[in-house]
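Here is what each chain is made of, one letter per residue.
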Amino acid sequence: MRDILSDLDRWREDHKSIALATVIQTWGSSPRAAGAKMALTPDGRITGSVSGGCVEGAVFEAGVEALKTKHPQLLHFGVADETAWDVGLACGGSIDIFVKPLDLSFFDAVHSVLIEERPAVIVTIVRAQAEILGREMLVRDDGNVTGTLDDELNKIALDLAKETLAHGVSRRAMLNEEVEVFLEVILPPPTLIAVGGVHITIALVALAKSLGYRTVVVDPRKAFGNAERFPHVDQLIQAWPQEAFQQIQLTRSTAIAMLTHDPKLDDPALKIALPSPAFYIGALGSQKTQEKRRKRLRAEGLTDTDLARLRGPIGLDIGARAPEEIALAVMAQVVAARNGLEGERRSDETFAADVGGSA
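Throughout, residues of each chain are indexed from 1 in the direction in which the sequence is written. Residues qualify for local features only when their pLDDT is at least 70, as the model is predicted, and side-chain atom pairs are given and counted only at 80 or more; totals for whole chains, interfaces and linings, by contrast, use all residues. Hydrogens and water molecules were not included; the side-chain quantities draw on all heavy atoms of the structure.

Participant: Go over the packing of helix H8 (residues 263-273) against helix H9 (residues 287-299), please, and point to the residues and values.
Facilitator: Running from amino to carboxyl end, H8 crosses H9 at an angle of 55 degrees, the nearest separation of the two axes being 11 Å. Judged by the inter-axis angle, H8 sits oblique to H9. Relative to H9, the crossing made by H8 is right-handed. Two secondary-structure elements touch here, H8 through Pro263, Asp266, Asp267, Leu270 and Lys271 and H9 through Arg293, Arg296 and Leu297. Interaxial angle, 0 to 180 degrees, is taken between N-to-C directions of lines fitted to C-alpha atoms, where a helix line uses only the stretch in contact. Comment: elements are numbered from the N terminus, with helices defined as DSSP H or I runs of at least four residues and strands as E runs of at least two. Angle categories are assigned with fixed cut-offs, so that under 35 degrees is roughly parallel, over 145 is roughly antiparallel, 65 to 115 is roughly perpendicular, and the rest are oblique. Note: crossing handedness is left-handed where the near helix turns anticlockwise from the far helix by less than a right angle, and right-handed where it turns clockwise. Contacts are assigned to residue pairs with any non-hydrogen atoms lying within 4.5 Å of each other.

Here it is, written out as structure tokens:
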């Protein structure tokens, strides 16, 4: 939804009727994940994508029909269907898409959650009798609820929404034998925090921004952490980590990379980061440097559970040596972590050569 928000706002200002299509499940080689959105208007405006081009034409027609009849539709496209060649899925894969008219009052609540960057879950009835099909409920992380499904279903849906938000993964679920819902998790946009304005960081934040991450650089040293070196970073904090991290909210959408090789900067930042909800925490340095770092942090009170979250040496093992290559290795590991995968970590002892420092 966040990707198409500006178009939806503009269409609303133009008083357009809007249909919203949401991917609720995929199998095989379908190119878009659950939660992917496409919005459309009867006069031919389209924003977003549900398949990378394979089924958009058929979805557009279904969306126009949903606007005419006021009835949502659950669509299925797959290689086993006779429509597979027509919609472009003959190469493999299946996809379920739910299409409904956009409820403007409900959208206002979702809009607020997105702007405020609040975690929440949208619960939508995708299979049920016609009178309740398409009903929606928005459950925020603080427990506040907008919308209703049905008096008998609300409590079940609320409990499922809280459970789903805790896991952070969108899913389908049955509320009873006849009613199925799609629970769509909304999390704050991913943020990459780089501690240390070193050469690797310049390449790393540029790569992160190209992947849609909000970027933050922390470095109290004016020679390293300055706007001339980082003109496009979203937030530049020229302060020590203890002060800087008071200005940043660490969430399950946060990745943190320690890149200074300086315990005076890395260690205080790690003491804050490791117990936090951040999904990724990595630190530059060889295996020997990591062992010394872990020993210091353990003496400072961090637990083995905390230290087990530290990825070090930082980055996937792709044979990286140049700063730009190391940045790629780090960002690849961040993406893998966010997608629930674990790649092979760097294990070499050549970080001194990589960054011009001592191991």
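Anyway, onward from the coordinates.
Participant: Outline the pattern of salt bridges, listing residues and values.
Facilitator: Take a side-chain nitrogen of Lys or Arg and a carboxyl oxygen of Asp or Glu: if they are within 4 Å of each other, that pair is a salt bridge. All chains considered together, the criterion is met by 22 salt bridges. Residues Glu180 and Arg127 are paired through a salt bridge, measuring 2.9 Å at the closest nitrogen-oxygen approach. Of this pair, Glu180 sits in strand E10 (residues 180-186) while Arg127 sits in strand E6 (residues 120-127), and the two are 53 residues apart along the sequence. For every residue, the accessible area (1.4 Å probe, protein chains only) is compared with the maximum for its type, and the residue is labelled buried under 20%, exposed over 50%, or partly exposed between those bounds. You can call Glu180 buried: its relative accessible area is 8%. Here Glu163 makes a salt bridge to Arg171, at a shortest N to O gap of 3.5 Å.

Participant: Kindly report on helix H2 (residues 56-69), identifying the contributing residues and their values.
Facilitator: An ideal rise of 1.5 Å per residue puts 20 Å on 14 residues; H2 measures up with 20 Å between its terminal C-alpha atoms. Positive phi shows up at Lys70, right after H2, with a value of about 65 degrees. Here, expected helix span is obtained from the residue count minus one, scaled by 1.5 Å.

Participant: Before we move on, could you go through unusual backbone geometry and cite the residues and values that matter?
Facilitator: With omega at 0 degrees, the peptide bond leading from Gly312 into Pro313 counts as cis. Checked against the element boundaries, Pro313 lands in the loop between strand E16 (310-311) and helix H11 (323-338). A positive phi is found at Lys70, a non-glycine position, where the angle reads about 65 degrees. With respect to the helices, strands and loops of the structure, Lys70 is situated in the loop between H2 and strand E4 (73-78). For Lys70, a relative accessible area of 61% corresponds to the exposed category. Not every positive phi belongs to a glycine, and His261 is a case in point at roughly 65 degrees. Within the secondary structure layout, His261 lies in the loop between strand E14 (254-258) and H8.

Participant: How would you explain the sheet that holds E14 if you had to name every residue and give the values?
Facilitator: Here, any two strands with at least 2 DSSP bridges between them count as paired. Spatially, the 6 strands line up as an open sheet ordered E13-E12-E11-E14-E15-E16, and their pairing is parallel. Looking at strand neighbours, the two that pair on one side only are strand E13 (235-237) and E16, the edges of this open sheet. Docked against the sheet, H11 engages strand E11 (191-195), E14, strand E15 (280-283) and E16, running at close to 155 degrees with respect to E15.

Nothing here speaks to function; it is all geometry.
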